[in-house]
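# Topology and contacts: notes
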Amino acid sequence: MTGSRSFHAVPLRLLMRASLVLLLGLVMAIRPVAAQSILRDAETEMLLNDISEPLIAAAGLEPGGFEIVLVSDPSINAFVAGGQRVFIHSGLIVAADNANEVQGVIAHEIGHVTGGHSIAIQEAAGDFAGISILSLILGAAAIAAGAPEAGLGLLSAGQRAAIGNFLAFSRSQEATTDLAGAQYLSTAGISGRGSLAFFRRLQNLEYRLNIPQDEGSYDRTHPLTRERLAILEELYQNDPAWAVETDPALEARFQRARAKLIGFISEPEQTLITYPESDTSVPARYARAYAWHKQAFADRALAEVDALLAGAPDDPFFLELRGQILLESGRPDEALEDLRTALANSRNNALIASLFGHALIATEDPDHLAEARRVLRTAVQRDNRNPFAWRRLGYIYSQEGDIARAYLATAEYATLAGSPQEALVNARQAMQGIPSGSPDWVRAQDIALIAETAIEQQDGRRRNR
């Protein structure tokens, strides 16, 4: 796991746009959404897909159209932002004790999806038409800072009424979503113990942060946690699935992925405190491998991975990590065997393919370029949202003299990187060298049209400021 490889970090603004309605809820956050990143990792994504699969089926959704996205953010949070896409903060995974707790959160967020709440919130934004953005920001910030009177004073009576109506609307949505999530857990035969445990954790956090627990609290977007707990405790404890235990294999996978994430996002010193060397469990070795690697102690990192492989020599994710450490320690030739095997054992996972393709290029051996091109083309066909794979593929095309497709790959990268002007220039260049009407030419044309629209929207926002 690194910022650019086996836990790819992609700016969150590439996947969602903040709206005025979201602004009210996010203005109290430590970091703006646009500054956050998406974390991508093959093992973690497979886990999240597997633990959510029975819930998706219980809700009557199509698995292919549903996606869980991991956001690099230390806060305990999850949200839905359009369509069937659920965003989960890394802080939530770290805070969870077990997979069942995360399933409870996912069930709740699926309730938002099936309830069409993203669309409903956008429609409710009409109530904010008369609210000055500046007054909204200042007022909400003052309220969050513990000065509700000052915050309300910054808003007119009409604005206060509009915000009050919206918050009441949000609380109503949350209450119905709690019930929907409970139903999906029950239908899937999954215990609600984890859901209750997580609500209690949130309640304890509210107490520590001195968040008001009275009915008259102005700035609540959710019902009082104690009320939610009272309702859900009765539902869950009387449900036939209450005593159902999580599959031990699934739980073991969660603990691995959680430790892996901690090793990636935490300072190495903290990771080594959380997982001391006396702990020889799989999660502990996994986390320490990242800690040692981040400190540039490649031999110690490899020793941890070799211990993991001693017990599971064919594990694709252990092999992936070993290859990554070798690659990022300046030993790409030694990384190839591990990454090639990891790719085969993972059934050609697109993210592992991207790392393998990068390693082939990093050897600087021209004989490896053809294999790298095949691997990376397969990677982007399976997963079109990987900007790093597109960038590497563009490099290969340029080395092979296929300049038109190098432009096309660069246009794909620029689109994912949120650079519409760069995407437009490269897409137009690609269209000049690719046969008109061919699939690649049509794709370049599509990118150009998307980029032109994005540029027009940016220009419109600038004029309206």
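Thresholds applied
Residues numbered from 1 in each chain as written. Predicted model: local features only at pLDDT ≥ 70, side-chain atom pairs only at ≥ 80, totals over all residues. Heavy atoms only, no water. Helix = DSSP H or I, 4+ residues; strand = E, 2+ residues; numbered from the N terminus. Buried < 20%, exposed > 50% of the residue type's maximum accessible area, 1.4 Å probe, protein only. Contact = heavy atoms within 4.5 Å. Areas by Shrake-Rupley, 256 points an atom, 1.4 Å probe, with all protein chains shown as cover. Pairing = 2+ DSSP bridges. pLDDT = per-residue confidence, 0-100. Expected span 1.5 Å × (residues − 1). Bend = angle between axes of the 7 residues up to and from the residue. Phe/Tyr/Trp six-rings, centres within 6.5 Å; stacked < 30°, edge-to-face > 60°. Core = buried A, V, L, I, M, F, W, Y, C linked by side-chain atoms within 4.5 Å. Patch = residues over 30% accessible without salt bridge, like charges linked within 9 Å, V, L, I, M, F, W, Y side chains within 5 Å. Salt bridge = Lys/Arg side-chain N within 4 Å of Asp/Glu carboxyl O. Arc of directions from axis to C-beta. Axes fitted to C-alpha atoms, helices over the stretch in contact; angles between N-to-C directions. Left-handed = near helix turned anticlockwise from the far one by under 90°. Nonpolar A, V, L, I, M, F, W, Y, C, P; charged D, E, K, R; others polar.

## Notes on the overall build of the chain
Within the chain, the secondary structure is distributed over 22 helices and five strands. Within the chain, buried positions represent 49% of all 465 residues. Contacts in the chain between residues at least 24 apart in sequence constitute 64% of all its contacts with a sequence separation of at least 6. For the chain, the computed accessible surface area is about 21,300 Å², with 53% contributed by carbon and sulfur atoms.

## Description of the pairing of strand β3 (residues 67-72)
Along any regular strand, the residues point their side chains to alternate faces of the sheet. For β3, a buried count of five out of six residues is recorded, marking the element as mostly surrounded by other parts of the structure. Two strands pair when backbone bridges link them, and β3 and strand β5 (residues 85-89) are joined in this way by five bridges, in the parallel orientation. For Leu70, the partnering residue across the bridge sits in β5 and is Ile88.

## Notes on the confidence of the model for the chain
Confidence in the prediction for the chain averages 83 pLDDT; 75% of positions are at 70 or higher. Across residues 165-169 the pLDDT falls below 50, and counting only partners more than four positions away or on other chains, this stretch makes 13 contacts in the model. Within the model, pLDDT remains below 50 along residues 216-221, and this stretch shows 23 contacts once partners closer than five positions in the same chain are excluded.

## Notes on helix α2 (residues 42-58)
With 17 residues, α2 should reach 24 Å at 1.5 Å per residue; the first-to-last C-alpha distance of 25 Å fits that figure. The sharpest bend along α2 reaches about 40° and sits at Ser52, with the proline Pro54 one to four residues further on. Buried residues of α2: Ala42, Glu43, Thr44, Leu47, Leu48, Ile51, Ser52, Leu55 and Ile56, and no others. Within two residues after α2, Gly60 carries a phi angle of roughly 75°, on the positive side.

## Considering the packing of aromatic side chains
Ring pairs (aromatic) are described by centroid distance and by the angle formed between their planes. Across all of its chains, the model carries four aromatic pairs by this definition. Seen from their ring centres, Tyr286 and Phe318 are 5.2 Å apart, and the 80° between their planes marks the pair as edge-to-face. Residue Tyr286 is found in helix α13 (residues 282-294), and its partner Phe318 is found in helix α15 (residues 316-328); the two are separated by 32 residues along the sequence. Each of the two residues, Tyr286 as well as Phe318, counts as buried. Taken together, Tyr286, Tyr290 and Phe318 form an aromatic cluster joined through their ring pairs.

## So, unusual backbone geometry
Phi is positive for Ala296, which is not a glycine, with a value near 70°. By relative accessible area, Ala296 is classed as exposed at 65%.

## Notes on the side chain of Glu304
Its place among the elements puts Glu304 in helix α14 (residues 298-311). Judged by relative accessible area, Glu304 falls into the buried class, the value being 6%. Not counting residues within four places of it along the chain, the set of residues in contact with Glu304 comprises Arg285, Arg288, Ala289 and Trp292.

## What to know about the nonpolar core
Counting 47 residues, the largest nonpolar core has Tyr286, Leu321, Ile325, Phe356 and Trp390 as the members making the most contacts within it. Contributing elements (two or more residues each) for this core: α13, α14, α15, α16 (332-345), α17 (350-362), α18 (369-382), α19 (387-399) and α20 (403-416). The dominant element in this core, judged by the number of residues it contributes, is α17, at eight residues. In this structure, Ile56, Ala59, Ala78 and Phe198 belong to the second largest nonpolar core, which totals 42 residues.

## Here we look at the environment of Asp247
Residue placement: Asp247 occurs in the loop between α10 (225-237) and α11 (248-265). Assessed through its relative accessible area of 45%, Asp247 is described here as partly exposed. Sequence separation between Asp247 and Asn100 is 147 residues, and the spatial gap between their C-alpha atoms is 9.8 Å.

## A word on a nonpolar patch on the surface
Nonpolar side chains collect at one region of the surface, where Leu179, Ile231 and Leu235 lie side by side and expose about 260 Å² of accessible area between them. One can find Leu235 in helix α10. The class of Leu235 is partly exposed, set by a relative accessible area of 39%.

## A word on the environment of Ala252
Here Ala252 shows up in helix α11. Each C-alpha atom of the pair Ala252 and Val282 lies 9.1 Å from the other, and the pair is 30 residues apart in sequence.

## Here we look at the pattern of salt bridges
Going through the model one piece at a time under the given rule, you end up with 25 salt bridges. Of the charged contacts, one joins Lys260 and Glu43 as a salt bridge, the two residues approaching to 2.9 Å between their closest N and O atoms. Of this pair, Lys260 sits in helix α11 while Glu43 is found in helix α2, placing the two residues 217 residues apart along the sequence. Summarising the burial analysis for this pair, Lys260 and Glu43 share the class buried. Among the ionic pairs, Glu67 bridges to Arg385, the shortest N-O distance being 2.9 Å.

## Digging into the side chain of Ser90
Here Ser90 lies in helix α3 (residues 90-95). Among all residues touching Ser90, those that are not within four sequence positions of it are Leu39, Leu70, Val71, Ser72, Asp73, Pro74, Leu261 and Ile265.

## Quick notes on α18
Taking 1.5 Å per residue as the helical rise, α18 with its 14 residues ought to reach 20 Å, and the 20 Å between its terminal C-alpha atoms agrees with that figure. Burial in α18 covers these residues: Leu369, Glu371, Ala372, Val375, Leu376, Ala379 and Val380. Angular distribution of buried residues about the axis of α18 spans 155°; they occupy a single face of the element. α18 presents Arg374, Gln381 and Arg382 as exposed residues on the side facing more than 90 degrees away from its buried surface. Buried residues along α18 sit in contact with α16, α17 and α19.

## Focus on the packing of α17 against α19
For the pair α17 and α19, interaxial distance at closest approach is 10 Å and the crossing angle is 30°. The handedness of the crossing between α17 and α19 is left-handed. Side by side, α17 and α19 meet where Ser354, Leu355, His358 and Ile361 of the first sit next to Phe388, Ala389, Arg392, Tyr395 and Ile396 of the second. For the contact of α17 with α19, the residue count by class is six nonpolar, two polar and one charged.

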